Amino acid sequence: MSERLRKILTLVFVREPGKILLGLKKRGFGCGLWNGFGGKVEKNETILQGAKRELVEECGIQADVLERIGLINFEFENDPVILEVHVFQTFHYIGDPVETEEMKPEWYKDGEIPFNQMWPDDKYWFPYMLQKRKFEAYFLFKGMDTILDYWIKESLND
Ligand SMILES: Cc1cc(-c2ccco2)c2oc(N)nc2c1
């Protein structure tokens, strides 16, 4: 996979006991879907710095402690670029979520996550995140709605 084209992205989920903060994407990639906060990692920053930056930019929340919870590789049929998505979560953060041009934030109860308005892969890996179990996953998409193939496994490595 090393010689494949890779695009590194981040996804951050803000948690409270029994609740999770999701954002409704208002434009661009994944528009109209609820998701975590994140995006591209710039050249001059680490993945962790990119994750923290996107969280502030997209909903105004500062998370000093971000826990790495998952690594997902996404491929689209007939597309050479692999999306390498680093998933983080935090229970310790500063600020209240605010709506931005990118995202409309809303709290959801862990048992009431709107999977039918989210990326189709989420229902496979959210249970690991909600139970604080580190995971790695791979999804092969056909278009934006169809999963052709996937695997997911619990990972113990830091
Ligand atoms: C193909 C794909 C991409 C993303 C993404 C975009 C930016 C960060 O992650 C996803 O996020 C979720 N939950 N499923 C996703 C599928």
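All of the points below concern the structure found in this document. (Residues numbered from 1 in each chain as written. Predicted model: local features only at pLDDT ≥ 70, side-chain atom pairs only at ≥ 80, totals over all residues. Heavy atoms only, no water.)

Brief notes about the site of the ligand
Around the ligand, the neighbouring residues are Leu-9, Thr-10, Leu-11, Phe-29, Asn-35, Phe-74, Phe-76, Val-85, Trp-119, Asp-121, Asp-122 and Trp-125. Separating an oxygen atom of the ligand from a side-chain N or O atom of Asn-35 is a distance of 3.0 Å. For the ligand, a nitrogen atom lies 2.9 Å from a polar atom in the side chain of Asp-121. Burial of the ligand by the protein amounts to 95% of the accessible area it has alone, namely 380 Å². Going through the elements one at a time, strand 1 (5-16), strand 4 (67-76) and helix 2 (122-130) are the ones with two or more residues in the shell around the ligand. Here the shell around the ligand gets 3 residues from one element, more than from any other, and that element is strand 1. Of the residues in the shell around the ligand, the class split is 8 nonpolar, 2 polar and 2 charged. (Near = heavy atom within 4 Å. Polar contact = N/O pair within 3.5 Å; in protein donor to acceptor, adjacent residues only side chain to side chain. Areas by Shrake-Rupley, 256 points an atom, 1.4 Å probe, with all protein chains shown as cover. Helix = DSSP H or I, 4+ residues; strand = E, 2+ residues; numbered from the N terminus. Nonpolar A, V, L, I, M, F, W, Y, C, P; charged D, E, K, R; others polar.)

What about the nonpolar core?
Most often, soluble globular proteins have nonpolar side chains that are buried together. Formed by 25 residues in total, the largest nonpolar core has its most connected members in Phe-13, Leu-22, Val-87, Trp-125 and Phe-126. Contributing elements (two or more residues each) for this core: strand 1, strand 2 (19-25), strand 4, strand 5 (81-90), helix 2 and strand 7 (135-142). Not counting the four nearest positions on each side in its chain, Phe-126 is found in contact with Phe-13, Ile-20, Leu-22, Ile-113, Phe-115 and Met-118. Residues Leu-21, Phe-37, Ala-51 and Met-103 belong to the second largest nonpolar core, which totals 12 residues. (Core = buried A, V, L, I, M, F, W, Y, C linked by side-chain atoms within 4.5 Å. Buried < 20%, exposed > 50% of the residue type's maximum accessible area, 1.4 Å probe, protein only. Contact = heavy atoms within 4.5 Å.)

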